[in-house]
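Residues per chain, in single letters:
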Amino acid sequence: MRLDKYLKVSRLIKRRTVANEACDNGRISVNGRVVKASYDVKVGDRIEIALGSRTLAVEVLAVAEAVRKDDAATMYKEV
């Protein structure tokens, strides 16, 4: 699954266009590398999101095309 879509489905970022812009601006890194929105997310990847002055780091636990709002938090764990 594409990184921008994963960020939206897991509800780490509200909209896919915002996720896409964050990738284009170099605010998202996976496993220590800045990546594009087209990066293929895999289980076990560590995603770091720079949000203003703080950084959110999560580990991917599951990849699914569609997830209910209540189950979105089970797709990752905060590191």
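Refer to the structure above for everything that follows.
In this report, the structure presented in the accompanying data block is examined. Model, not experiment: these values are computed from the prediction.

1. Regarding the nonpolar core
Counting 23 residues, the largest nonpolar core has Leu-3, Tyr-6, Leu-7, Leu-12, Ile-28, Ile-47 and Ile-49 as its most contacted members. The biggest single contributor to this core is helix α1 (residues 3–9), with four residues. In contact with Ile-28, other than residues within four places in its own chain, are Leu-3, Leu-7, Ile-13, Ala-22, Cys-23, Arg-33, Val-34, Val-35, Ile-47, Glu-48 and Ile-49.

2. As for the side chain of Asp-45
For Asp-45, the position within the fold is in the loop between β2 (33–34) and β3 (46–51). Despite being buried, Asp-45 has no salt bridge partner; Lys-42 is the closest side chain of opposite charge, sitting 4.2 Å away. Side chain to side chain, Asp-45 and Asn-31 meet in a polar contact 3.1 Å long. Non-local contacts of Asp-45, meaning those with residues more than four positions away in its chain, are made with Val-30, Asn-31, Tyr-39, Asp-40, Val-58, Glu-59 and Val-60.

Scoring rules and cut-offs
- Residues numbered from 1 in each chain as written.
- Predicted model: local features only at pLDDT ≥ 70, side-chain atom pairs only at ≥ 80, totals over all residues.
- Heavy atoms only, no water.
- Core = buried A, V, L, I, M, F, W, Y, C linked by side-chain atoms within 4.5 Å.
- Buried < 20%, exposed > 50% of the residue type's maximum accessible area, 1.4 Å probe, protein only.
- Helix = DSSP H or I, 4+ residues; strand = E, 2+ residues; numbered from the N terminus.
- Contact = heavy atoms within 4.5 Å.
- Lys, Arg positive; Asp, Glu negative; His and termini not counted.
- Salt bridge = Lys/Arg side-chain N within 4 Å of Asp/Glu carboxyl O.
- Polar contact = N/O pair within 3.5 Å; in protein donor to acceptor, adjacent residues only side chain to side chain.

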